[in-house]
Amino acid sequence: MSLVTLQSVKKDFGIKELLKDANFSLDTNDKVGLIGTNGSGKSTLLKMIAGLESIDSGQILVNSGAKIVYLPQQPDIDENHTVLEQVFADSGEQMHLVREYEELSDKLAHYPDDSQLMSRLSSIMQRMDATGAWEVETNAKIILTKLGIADFNVKVGTLSGGYRKRIALAAALISEPDLLLMDEPTNHLDALSVEWLQSYLNRYRGALLLITHDRYFLDRVTNKIIEIDRGDIYTYTGNYSYYLEKKALAEESAISTQRKHQGILRRELEWLKKGPKARSTKQKARIERAYALRDTEFKQLNGKVDISTIGRRIGKKVIELKNVSKGYNDRTLIKDFTYEFSPEDRIGIIGGNGAGKSTLMDIITARVKPDSGSVEIGSTIHIGYFNQHSEELLTAVNQDQRVIDYIKEEGEFIEISDGTKITASQMLERFLFPGNQQYAPIYKLSGGEKRRLFLLRILISAPNVLILDEPTNDLDVQTLAVLEDYLEDFNGCVIVVSHDRYFLDRTVDTIFALEAGGNLRQYPGNYSIYLDYKKAEEAEKQETPKTVIIEKVTSPVIETKKRRRLSNWERREFEELEGKIAKLEAEKTALEKKLATIVGNYSEVQKLYEQVENLKKNIDLSTERWLELAEMES
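Residues numbered from 1 in each chain as written. Predicted model: local features only at pLDDT ≥ 70, side-chain atom pairs only at ≥ 80, totals over all residues. Heavy atoms only, no water.

Attention now moves to the overall build of the protein. Each helix and strand in the protein was counted, giving 21 helices and 22 strands. For the protein, buried positions account for 47% of its 634 residues. A separation threshold of at least 6 residues defines the contact pool for the protein, and within that pool the share at least 24 residues apart is 68%. For the protein, the accessible area works out to roughly 31,800 Å², and carbon and sulfur atoms hold 48% of it. (Helix = DSSP H or I, 4+ residues; strand = E, 2+ residues; numbered from the N terminus. Buried < 20%, exposed > 50% of the residue type's maximum accessible area, 1.4 Å probe, protein only. Contact = heavy atoms within 4.5 Å. Areas by Shrake-Rupley, 256 points an atom, 1.4 Å probe, with all protein chains shown as cover.)

Encoded structure:
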């Protein structure tokens, strides 16, 4: 069944035509990845389907019974809400019941003998049973926990932007719409959270239309790819790997077609030069055909960034850190880190959100001073720092400045890898900024286009040390692929901070993992090899308890991980879940017995079967939550 259909949709922003004649439909089982270069209109298309952006012409038909939920890159959040209140903000009565249940549970933790509170709690629990609020609440807590959020009662306003995005993601997932529109859902997620989200969406029953730079994620979640290429829409039925294969074949075919066209055109032009007299109808037709061939325009095949900037000599001494430590508010981010970077280094730095990765980059680039230790930078070193937040563009740069003037600040002419010089305008063309866009103010660019412009400014400055802090955020997959190829031939040191598994696999040969307490642990190889090491370490821990040798202690002490203890309301939830699971199991058994006795009544069988399936789902959710709480209780 079709949920959304686009018919001849057009959209033009003046300096750029986003959609020329878009036609496609989204069905109930579609899991679609939307790709295209930054500024091609991906986010705008999501907004149009969500009803938040107008179209110039054509129509978007939405199934009247379809529930559509849109998760933007920058979701609206009520800072006065708690985490759970924000997650349930659009859940109506269920939200009200969950909120009242949480408040009563918290009060009972302080006044356990209050009979009135117990009576109200009992009434609320019965209403939660009737409305299915238990299942929604349990599912929400599981999702929040998997996304790294443990405190459900903290005010949203006290959390970072990354955690706010996670809360909005949780709210979108628990709403279980028929169509989920997601704009860069993996931004601000660490690798473990991305893996979990990937698994969750594989089981998701609704349709998906998502934008993401994570190519592993695209490959494993989607069954269809829609590409926007300079206003045109192309649909590929398959995942990202299938798209790459078919795209390559299509480009080869287009090249072949263009070559044949050029050969025919050359022969026809030679014939015209001979001055054929248009006496016959056949000759007139041939002359008209020759002129038509001459006027035929072919779309440029490479709608992607071309990176070919000149390098700079690098000496033996690059950057040396000695016993560097840094912390904030009694929390150690970097502890006693010593390392000498070499000209050939390709290093990936990983760690959880807030672990201190960006702080380490700021220390290396002398933007932040360490609390102790020293940083020495070689005399020939020129650092290109691609900041996670692109602060130079978002704050320091005059947003009214024209795109071309921003690039000309590095020079009117730019030397490229083959030694020739091209104009700033020609370089912008190579970075997919056409002539009319070059003279537009920076504020008219999309977030991804600003990132691409910032990257160009860094590369034409000819750095010999490249520091890329979350480079995949807001850059399209086409630009990332070209950047990866560029880094392979880059003559200098590369340091990458990223959660993007694919990008790390392509670009680094050493992993530094920033672990608890500010320790940086080194692993040889790319990210996939690092995962193999971690799996082997975990397997070894499970087989043999790790011992810690303590001076003057003869018996080994088993190292245990410090666990967060259950709060009072979590302990009450834990106790109630046992009875709830038993009740659900009894209901399922009774329905299965009833189902076995029905003969010939298909509609009744179908109804009971759906009830059993819903019970199974609720049992699984409740059991998963019980196990999480049991682990903290043990």
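This brings us to the side chain of Arg346. Looking at where Arg346 falls in the secondary structure, it is placed in strand S12 (residues 346–350). No salt bridge forms around the buried Arg346; measuring N to O, its nearest opposite-charge neighbour Asp509 is 6.3 Å away. A polar side-chain atom of Arg346 sits 3.3 Å from the main-chain carbonyl oxygen of Leu487. At 2.7 Å, the side chain of Arg346 and the backbone oxygen of Phe490 are in polar contact. The residues contacting Arg346, other than those within four sequence positions of it, are Leu487, Glu488, Phe490, Gly492, Cys493, Val494, Thr507, Val508, Asp509 and Thr510. (Lys, Arg positive; Asp, Glu negative; His and termini not counted. Salt bridge = Lys/Arg side-chain N within 4 Å of Asp/Glu carboxyl O. Polar contact = N/O pair within 3.5 Å; in protein donor to acceptor, adjacent residues only side chain to side chain.)

Bringing the sheet that holds strand S9 (residues 232–236) into the picture now. As summarised here, the arrangement of the 6 strands in space is S5-S6-S7-S3-S8-S9, forming an open sheet in which the pairing is mixed. Because the sheet does not close on itself, it has two edges, and the strands there are strand S5 (68–71) and S9. The sheet shows a mean angle of 15° between the axes of neighbouring strands, taken without regard to direction. As judged from the 4 bridges shared by strand S3 (residues 31–35) and strand S8 (residues 224–229), these two strands associate in the parallel manner. Each residue of the ladder has a partner; that of Ile35, found in S8, is Glu227. Against the sheet, helix H1 (residues 42–49) engages S3, S5, strand S6 (179–183), strand S7 (207–211) and S8, with an angle of about 150° to S6. (Pairing = 2+ DSSP bridges. Axes fitted to C-alpha atoms, helices over the stretch in contact; angles between N-to-C directions.)

Between the first and last C-alpha of helix H6 (residues 161–174) there are 20 Å, a value that for 14 residues agrees with the 20 Å anticipated at 1.5 Å per step. With 10 of 14 residues buried, H6 lies mostly within the body of the structure. Along H6, the residues that are buried comprise Gly162, Lys165, Arg166, Ile167, Ala168, Leu169, Ala170, Ala172, Leu173 and Ile174. Along its buried surface, H6 packs onto S5, helix H2 (83–87), helix H5 (133–146), S6 and helix H7 (191–203). Just downstream of H6 lies Glu176, where phi reads positive at about 45°. (Expected span 1.5 Å × (residues − 1).)

Aromatic ring pairs are reported here in terms of the distance separating the ring centres and the angle at which the planes meet. For the structure on display, the rule yields 13 aromatic pairs. Between Arg166 and the ring centre of Tyr163, over which it is positioned, the NZ or CZ distance is 5.1 Å. Note that Lys247 overlies the ring of Tyr234, its terminal NZ or CZ placed 5.8 Å from the centroid. (Phe/Tyr/Trp six-rings, centres within 6.5 Å; stacked < 30°, edge-to-face > 60°. Lys NZ or Arg CZ within 6 Å of the ring centre and 35° of its normal.)

Another point: the pattern of salt bridges. One pass over the structure, following the stated rule, counts 21 salt bridges. One salt bridge connects Glu79 with Arg164, and the closest N-O pair in it is separated by 3.1 Å. In this pair, Glu79 sits in the loop between S5 and H2 while Arg164 sits in helix H6, placing the two residues 85 residues apart along the sequence. Among the residues examined, Glu79 registers a relative accessible area of 43% and is labelled partly exposed. Ionic pairing is found between Glu376 and Lys317, a salt bridge with its closest N-O pair at 2.6 Å. Here Lys317 lies in the loop between helix H10 (281–295) and strand S10 (319–328) and Glu376 lies in strand S13 (residues 372–377), a separation of 59 residues in the sequence. Taking relative accessible area as the criterion, Glu376 reaches 33% and is therefore assigned partly exposed. On the accessibility criterion, Lys317 (36% relative accessible area) is partly exposed. Each of Arg215, Glu484, Asp485, Glu488 and Arg506 takes part in one network of salt bridges that share partners.

Counting buried residues along H1, 6 of its 8 residues qualify, which places the element largely inside the surrounding structure. If you check which residues of H1 are buried, you get Lys42, Thr44, Leu45, Leu46, Met48 and Ile49. Positive phi appears at Gly51, one or two residues downstream of H1, with a value of about 80°.

Right, let's get into the confidence of the model for the protein. Model confidence for the protein is summarised by a mean pLDDT of 81, while 83% of its residues fall at 70 or above. Considering only residues more than four positions removed or in separate chains, one finds that residues 546–562, a stretch of pLDDT under 50, has 10 contacts. (pLDDT = per-residue confidence, 0-100.)

This next bit is on the sheet that holds strand S1 (residues 2–12). Reading across from one edge, S2-S1-S4 is the order of the 3 strands in this open sheet, with antiparallel pairing throughout. Each edge of the sheet is formed by a strand with only one pairing partner; in this case those strands are strand S2 (17–27) and strand S4 (57–62). Pairs of neighbouring strands in the sheet enclose a mean axial angle of 10°, with direction left out of account. Sheet topology places S1 next to S4; 5 bridges connect them, and they run antiparallel. In the sheet register, Thr5 faces S4, and the bridge partner there is Leu61.

Moving on, we come to the nonpolar core. Ranked by internal contacts, the top residues of the largest apolar core, which has 53 residues, are Leu173 and Leu201. Counting residues per element, this core draws most heavily on H6, which supplies 7 residues. Once residues within four sequence positions are removed from consideration, Leu201 is found in contact with Lys31, Leu173, Met182, Leu208, Phe217 and Val221. Core analysis: the second largest hydrophobic core is formed by 44 residues, Phe433, Ile442, Phe503 and Tyr527 among them. (Core = buried A, V, L, I, M, F, W, Y, C linked by side-chain atoms within 4.5 Å.)

Between two packed helices, the angle of one axis relative to the other and the distance separating the axes together describe the packing. As a packed pair, helix H4 (residues 115–131) and H5 sit with axes 5 Å apart at the nearest point and diverge in direction by 85°. Relative to H5, H4 is oriented roughly perpendicular. Within the contact between the two elements, H4 uses Met125, Met128, Asp129 and Thr131 and H5 uses Ala133, Trp134 and Glu137. When the residues that make up the contact of H4 with H5 are grouped by side-chain class, the tally is 4 nonpolar, 1 polar and 2 charged. (Parallel < 35°, antiparallel > 145°, perpendicular 65-115°, else oblique. Nonpolar A, V, L, I, M, F, W, Y, C, P; charged D, E, K, R; others polar.)

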